[in-house]
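Chain by chain, the residues run as shown.
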Amino acid sequence: MQETDTSAPIHVETAADLDSFANDHDRVLVEFYTEGCGVCASMEPILGIVASETDVPVVLVNPRDDPVLIEAYDIQSVPTLVLFERGAEVKRLAEGFVGAERLIEFVEG
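Description of the structure in this document. Predicted model only: the values in this text are computed from it and were never measured.

## A look at unusual backbone geometry
The omega torsion across Val78 and Pro79 is -5°, close enough to zero to call that bond cis. Structurally, Pro79 is set in the loop between helix H3 (68–72) and strand S4 (80–85). Residues other than glycine seldom take positive phi values, yet Asp74 does so here, at roughly 50°. Positionally, Asp74 belongs in the loop between H3 and S4. A positive phi angle, near 50°, is found at Arg86, a position not held by glycine. Counting through the fold element by element, Arg86 comes out in the loop between S4 and strand S5 (88–93).

So this is what it looks like as structure tokens:
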């Protein structure tokens, strides 16, 4: 498998890409976002901090790019943050903006 730089958020476009990435890493934080979502845009620098300060890769995915994602991951609002361990969802946040310290605790806790 090709090495991926996980010190910054990584964009994926399809459910298959997301599944593959989540299965290839012990833990992955995923933000489901949409274009034009102001809160989602404000999360990008926070997600960059999480990616650079933890050993957990951060993935960004727009469920509108592959509508299968909406049903497969029960996305009802954006941003939705989902933590995967060994390819399986273990917890999620769908509360709007989340600060860096709280998100790092969410990922590492």
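There is more to say after this.
## Here's the deal with helix H2 (residues 38–53)
Between its first and last C-alpha, H2 extends 24 Å over 16 residues, near the 22 Å set by a 1.5 Å rise per residue. The largest bend in H2 is about 35°, located at Glu44, with the proline Pro45 one to four residues further on. For H2, the set of buried residues is Cys40, Met43, Ile46, Leu47, Val50 and Ala51. Where H2 is buried, its residues touch strand S2 (27–32), strand S3 (58–61), S4 and helix H4 (100–108).

What counts and how
In this convention, every chain numbers its residues from 1, walking through the sequence in written order. Given that the model is predicted, a residue must reach a pLDDT of at least 70 before its local features are reported, and side-chain atom pairs must reach 80 or more before they are shown or counted; all residues, however, enter totals for whole chains, interfaces and linings. Calculated side-chain values reflect all of the structure's heavy atoms, with hydrogen atoms and water omitted. Counting from the N terminus, the helices are DSSP H or I runs at least four residues long and the strands are E runs at least two residues long. Working rule for helices: expected span equals 1.5 Å times residues minus one. Bend at a given residue is defined as the angle between two axes, one fitted to the seven residues that end at that position and one fitted to the seven that begin there. Here the term buried applies to any residue with accessible area under 20% of the maximum for its type, exposed to any over 50%, and partly exposed to those in between, with areas from a 1.4 Å probe on protein chains only. Residues count as neighbours in contact if any of their non-hydrogen atoms are within 4.5 Å of one another.

That's the geometry; what it means functionally is another story.
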